[in-house]
Amino acid sequence: MRARASGLIGRHWATGPAAPASIYGFCGRFLQCDAYDGYDRLSEVARPQGPWMLVHCWSHLRRRFVKLARNSKSPIAEAAVRHIAQLYAIEAMVRGSSPDIRLAARKQHSLPMVAALKPWFEKQLSMISNGSTLAEDIRYALNHWQGLTRFLEDGRFELDTNPVENAIRPVCVFRGIVSKVFRSLAPLRPTTQPA
């Protein structure tokens, strides 16, 4: 479901194999999305506008570390959550500002934090078991680093897909309610065809 498309930017939140195909009519250049593997294929599609440039979601990354910090009390996961929280604090200060003001604040404040975060992730990864959930979460961050850091290039990009997810949540909730109502009515329907 394309929840919002403005000019060159599409914000997309969907799941399953059909998710990337649902945006083929979108003519923009950038796609703000989660890190579903199917979107990676879109960056290889030849189009007159050029391939889609993926802008990945920091919230999806943050959720991984929050879950790990809660479940395992990992100090590295807790530190990652604190680092990411600093980026959100900067975004809160510029929310509602023009793209130029947002970009300037990001260049001044977020860029140094992000520049320090990548080597920090790499160092932590070198000191932990490769098979651990923490290693998997850090690799997730590093494998999506280009898309995660794209918000530093354009003030129109959001740090995450939360605005899209919040915009479509009522639609999804309503669809779920309707589905439950129809399922509850199923026993009332005749199971055999009249003769």
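In what follows, the structure referred to is the one given above.
Criteria and thresholds
- Residues numbered from 1 in each chain as written.
- Predicted model: local features only at pLDDT ≥ 70, side-chain atom pairs only at ≥ 80, totals over all residues.
- Heavy atoms only, no water.
- Phe/Tyr/Trp six-rings, centres within 6.5 Å; stacked < 30°, edge-to-face > 60°.
- Axes fitted to C-alpha atoms, helices over the stretch in contact; angles between N-to-C directions.
- Helix = DSSP H or I, 4+ residues; strand = E, 2+ residues; numbered from the N terminus.
- Parallel < 35°, antiparallel > 145°, perpendicular 65-115°, else oblique.
- Left-handed = near helix turned anticlockwise from the far one by under 90°.
- Contact = heavy atoms within 4.5 Å.
- Nonpolar A, V, L, I, M, F, W, Y, C, P; charged D, E, K, R; others polar.
- Expected span 1.5 Å × (residues − 1).
- Buried < 20%, exposed > 50% of the residue type's maximum accessible area, 1.4 Å probe, protein only.
- Salt bridge = Lys/Arg side-chain N within 4 Å of Asp/Glu carboxyl O.
- Core = buried A, V, L, I, M, F, W, Y, C linked by side-chain atoms within 4.5 Å.

Draft legend 1. The packing of aromatic side chains, seen in detail. Scanning the entire structure with this criterion turns up five aromatic pairs. Members of the aromatic cluster, each reached through a chain of ring pairs, are Trp58, Phe65, Trp120, Phe121, Trp145 and Phe151.

Draft legend 2. How the structure looks around the packing of helix H2 (residues 58–72) against helix H5 (residues 133–143). One way to put it is that H2 packs onto H5 with a least axis distance of 10 Å and a crossing angle of 165 degrees. The orientation of H2 with respect to H5, classified from their angle, is roughly antiparallel. Of the two possible hands of crossing, H2 and H5 adopt the one that is left-handed. Contact residues: H2 offers His60, Leu61, Arg64, Phe65 and Leu68, while H5 offers Thr133, Leu134, Glu136, Asp137, Ile138, Tyr140 and Ala141. Taken together, the residues that form the contact of H2 with H5 break down as seven nonpolar, two polar and three charged.

Draft legend 3. A look at helix H3 (residues 75–94). Between the first and last C-alpha of H3 there are 30 Å, a value that for 20 residues agrees with the 28 Å anticipated at 1.5 Å per step. Every buried residue of H3 is listed here: Ile76, Ala77, Ala79, Ala80, Val81, Ile84, Leu87, Tyr88, Ile90, Glu91 and Val94. Two residues or fewer past H3, Gly96 is found with a positive phi of approximately 90 degrees.

Draft legend 4. Structural view of the environment of Tyr88. Following the sequence through the fold, Tyr88 ends up in helix H3. Separated by 29 residues in sequence, Tyr88 and Ser59 have C-alpha atoms that sit 9.5 Å apart. Once residues lying within four places of it in the same chain are set aside, the contact partners of Tyr88 are Trp58, Ser59, Arg62, Leu159 and Asp160.

Draft legend 5. Seen up close, the pattern of salt bridges. A full pass over the atoms with the stated rule returns five salt bridges. A salt bridge links Asp137 to Arg64; the nearest nitrogen and oxygen atoms lie 2.8 Å apart. Of this pair, Asp137 sits in helix H5 while Arg64 sits in helix H2; the two residues are 73 residues apart in sequence, bridging distant segments of the chain. Glu158 is paired through a salt bridge with Arg102; the nearest N and O atoms lie 3.5 Å apart. Of the two residues, Glu158 sits in the loop between helix H6 (145–148) and helix H7 (162–185) while Arg102 sits in helix H4 (residues 99–126), which places them 56 residues apart along the sequence.

Draft legend 6. View of the nonpolar core. One finds Trp58, Leu61, Phe65, Phe121 and Phe151 to be the most contacted residues of the largest nonpolar core, which totals 31 residues. Elements that contribute at least two residues to this core include exactly H2, H3, H4, H5 and H6. Considering every element that reaches this core, the biggest residue donor is H3, with seven residues. Among residues more than four places away in sequence, those in contact with Phe65 are Ala77, Ala80, Val81, Ile84, Phe121, Leu134, Asp137 and Ile138. The next biggest cluster of nonpolar side chains, apart from the first, holds six residues, and it includes Leu31, Cys33, Tyr39 and Leu54.

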